[in-house]
Amino acid sequence: MDVGLRQFMIDAWSWLNYKPVMADAGRPGHRAIPELVSSWLPSHELRRLAAYKVLASYDNNQAGQLVAASGDEAALERRELGDAANLVDTALGYLLGSEQTIIVEGAEHADEETPPPGAVEAAAVQDRLRNWADKELLTFRIQQAERAAVLLGDSVMVLAWNPDKQRPTLRVYDPGFFFPQWDDEDEDFPSRVHLAWELPADDDAGLKARVRRVTYELGPIAGDGEGDEGGGSTAGMRTYPWEQGRTSNVTCYLTDAEWLLEDLKNGETLDRLPMDKASFRARPDGTELNRLDLMIDFVPVVHIANTIPDGGEHWGRSVLARVLQALDELAATDSDSSAASATTGTPIIGLAGARLPVDRATGKPQELQVKAGAVWQLGETGRMDALDTSPQLAELRARVDHLLERIAANSRVTAAGLGTLDATEVPSGYALKLALGPLDALVGMMRLAREHKYRLLFKMVQRLYQAGRAEGWTAGETLPARLAWAPHTPTDRAAVLEEVVTAYGAGVLSLETAVTMLLKAGYPIKDASQEVARIRAKAEQEAAVRMAEAAARRGHGERDQEENDGAGPAAAGKPVGKEGEREPVAADR
């Protein structure tokens, strides 16, 4: 069977060219993946969608089934033991760390005696964003989005204003549903985004197979003169609350429609679906979702790439990309090891001169079975030879260890990161830090690729609150917010504490910086600004106690000085008792 690539191609998914399912560059997966046969799918998106399917099969231990669907039935015997999923989950755990925190720049200075301009406002926005994150289960959504990004290379999050909840809602979509449309390849963000997927037929409900497409599109404002209250808007212009004093003629339109698959003809792809055959969805209040004006000037869709895309590309790369062939080798070795272990536990035996038992019904010799307690009668010249496959089994197991080390090294998760490194092989903590160096670089690169996207997400959240005129959200400039990640590897907390105490005591670090360092080191500090305020309050309380004690000591000292100077009771002719005590005065004196 010819499984080679029919034409040479280098693109964002070239690392999959060796797979039979990707052999046809123009129609990848057309035999094994029926979803890719749909006529409405754009041809230039097929390789990306096929790559997602291949990666998902590795995550679910179904890579052998996918190869078998391509024509190689022997692949059904492939043993897959979860190594791909383990690599993905391990990389995800290091990426996320123990927790994620929303930080608004300047909020840490809000509790100072004289906070800098804007610090109080930043702290208020930070509290509102964290409250939104708790209500919207942001930690859970991040877990959903980031696992897809680590596995598939991409993930998609969509924001929408919910008038009933009076807050933006956040949803995570499969990147296979995401189809951005760039007017210019040099643009940072697409001006039109489709989210599209097929809905299967439901015979019980009488529904036919159809395709659903949700479209966000930037376009000129319709000339209805509508705008923000007090914004001074004119026909076709609008003043958005986050850009006071500046008018805009751009808004975002939402369209949500369905098409029957049987109504679509060849050539009517995703961006050319016939609008006259569309069935538009409606909101709960009955508003038809056909170019609905969302009253915002941005597309509320955030695409997260697992890695920094190459120049001219927009898509990320899976953590499995560079080690996929090694995972295939590992599965093949596991399969061979399983076969070898079977012949080692139950060896192949050759008998010579044996007296075989006879089946009384057929009169033919019975087949001998190797089992505990079996007794075979051999003649005088009889001989039994067993095939020993244990050396081959040991070699296969050594090869498994070699492949695991190769996968750990080439994926940059490292053997120490995967937990396969023998602790006795690490002579010191410094050596362990060097061993984790590639993992540190990997996590740093992955977090850098996401830094701007989460800043963009929090900017959109603030602006949706402003557009919805939610309570407490006034018009004004959007404050920069980011997602802070916890350390991905264990930290020497004692060393960090000693460093902080020494530096802060020497006056080379501020209290805010010192507390932030302790927070990053893993100390149980929920909020750096609140911790700084508590430390300062405690310091002021202790200072007040010391001042009171000092004042009391000064008072006692002054009285003692007066007595020594002759102003005491002895100098006044008053009787003094034993050890300088004044004698009690009789009641009749």
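My aim in this report is to walk through the structure given alongside it, one point at a time. (Residues numbered from 1 in each chain as written. Predicted model: local features only at pLDDT ≥ 70, side-chain atom pairs only at ≥ 80, totals over all residues. Heavy atoms only, no water.)

### Considering the sheet that holds strand S2 (residues 154-162)
Step number 1: The strand order across the open sheet built from 3 strands is S3-S2-S12, with neighbouring strands paired in antiparallel fashion. Looking at which strands have only one partner, the edges of the open sheet turn out to be strand S3 (167-173) and strand S12 (301-305). For this sheet the average axis-to-axis angle between neighbouring strands, irrespective of direction, equals 25 degrees.
Step number 2: Of the pairings in the sheet, the one linking S2 to S12 comprises 5 bridges and is antiparallel in character. (Pairing = 2+ DSSP bridges. Helix = DSSP H or I, 4+ residues; strand = E, 2+ residues; numbered from the N terminus. Axes fitted to C-alpha atoms, helices over the stretch in contact; angles between N-to-C directions.)

### Overview of the packing of helix H3 (residues 83-96) against helix H10 (residues 437-467)
Step number 1: Direction vectors running N to C along H3 and H10 enclose 70 degrees, while the axes themselves pass 9 Å from each other. When the interaxial angle is binned, H3 and H10 end up roughly perpendicular. Once H3 is placed against H10, the crossing between them reads as right-handed. Contact with H3, carried on its side by Tyr-94, Leu-95 and Leu-96, involves Leu-439, Val-443, Met-446, Arg-447 and Arg-450 of H10 and no other residues of that element.
Step number 2: Residues that form the contact of H3 with H10 fall into these classes: 6 nonpolar, no polar and 2 charged. (Parallel < 35°, antiparallel > 145°, perpendicular 65-115°, else oblique. Left-handed = near helix turned anticlockwise from the far one by under 90°. Contact = heavy atoms within 4.5 Å. Nonpolar A, V, L, I, M, F, W, Y, C, P; charged D, E, K, R; others polar.)

### Description of the pattern of salt bridges
Step number 1: If you walk through the whole model with that rule in mind, you get 25 salt bridges.
Step number 2: Its salt-bridge partner being Asp-271, residue Arg-192 comes within 2.9 Å of it at the nearest N-O pair. Separated by 79 residues along the polypeptide, Arg-192 in strand S5 (residues 192-199) and Asp-271 in the loop between strand S9 (250-260) and strand S10 (279-280) bring together distant segments of the chain.
Step number 3: The exposure class assigned to Asp-271 is partly exposed, which follows from its relative accessible area of 36%.
Step number 4: Residue Glu-217 pairs with Arg-291 through a salt bridge whose shortest N-O separation is 3.6 Å. One end of the pair, Glu-217, is in strand S6 (residues 210-220); the other, Arg-291, is in the loop between S10 and strand S11 (292-293), and 74 residues separate them in sequence. (Salt bridge = Lys/Arg side-chain N within 4 Å of Asp/Glu carboxyl O. Buried < 20%, exposed > 50% of the residue type's maximum accessible area, 1.4 Å probe, protein only.)

By themselves, these are just geometric observations and shouldn't be taken as functional.
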